[in-house]
Amino acid sequence: MAMNEKACNHCGKLVREDQASCPWCGSPSPFPQSQKMTAAQKKFILFFVATIVLCIILILWFPR
Ligand SMILES: [Zn+2]
């Protein structure tokens, strides 16, 4: 109940989100896109934070 579950694309049985592949038939998890999204989001967040930090440094460096 606590863990997110999705039906396997191959056999239709429930696969938990933390499982890399279906425990019933071994086909890839129906959650393959979440990992790619997470990696892309991490890069985006890193870039975003770096931009904000740069802005803060520039604001402190050039006071009005
Ligand atoms: Zn399966």
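What counts, and at which threshold
- Residues numbered from 1 in each chain as written.
- Predicted model: local features only at pLDDT ≥ 70, side-chain atom pairs only at ≥ 80, totals over all residues.
- Helix = DSSP H or I, 4+ residues; strand = E, 2+ residues; numbered from the N terminus.
- Buried ≥ 20, exposed ≤ 12 C-beta atoms within 10 Å, placed from the backbone.
- Contact = placed C-beta atoms within 7 Å.

Colleague: Can you walk me through the overall build of the chain in this structure?
Modeller: Counting its regular elements, the chain contains one helix and two strands. Along the chain, helices and strands appear, N-terminal first, in the series β-β-α. Counting the 64 residues in the chain, one finds 6% classified as buried. When contacts within the chain are restricted to residue pairs at least 6 apart in sequence, long-range pairs at least 24 apart make up 5% of them.

Colleague: Help me understand the environment of E17 in this model?
Modeller: Position of E17 relative to the elements: it lies in the loop between β2 (14-16) and α1 (32-61). Owing to 12 C-beta atoms within 10 Å, E17 belongs among the exposed residues under this scheme. For the pair E17 and F31, spaced 14 residues apart in sequence, the C-alpha separation works out to 6.5 Å. If we ignore the near neighbours within four places in the chain, the residues touching E17 are M3, N4 and F31.

On their own, these measurements won't tell you what the molecule is for.
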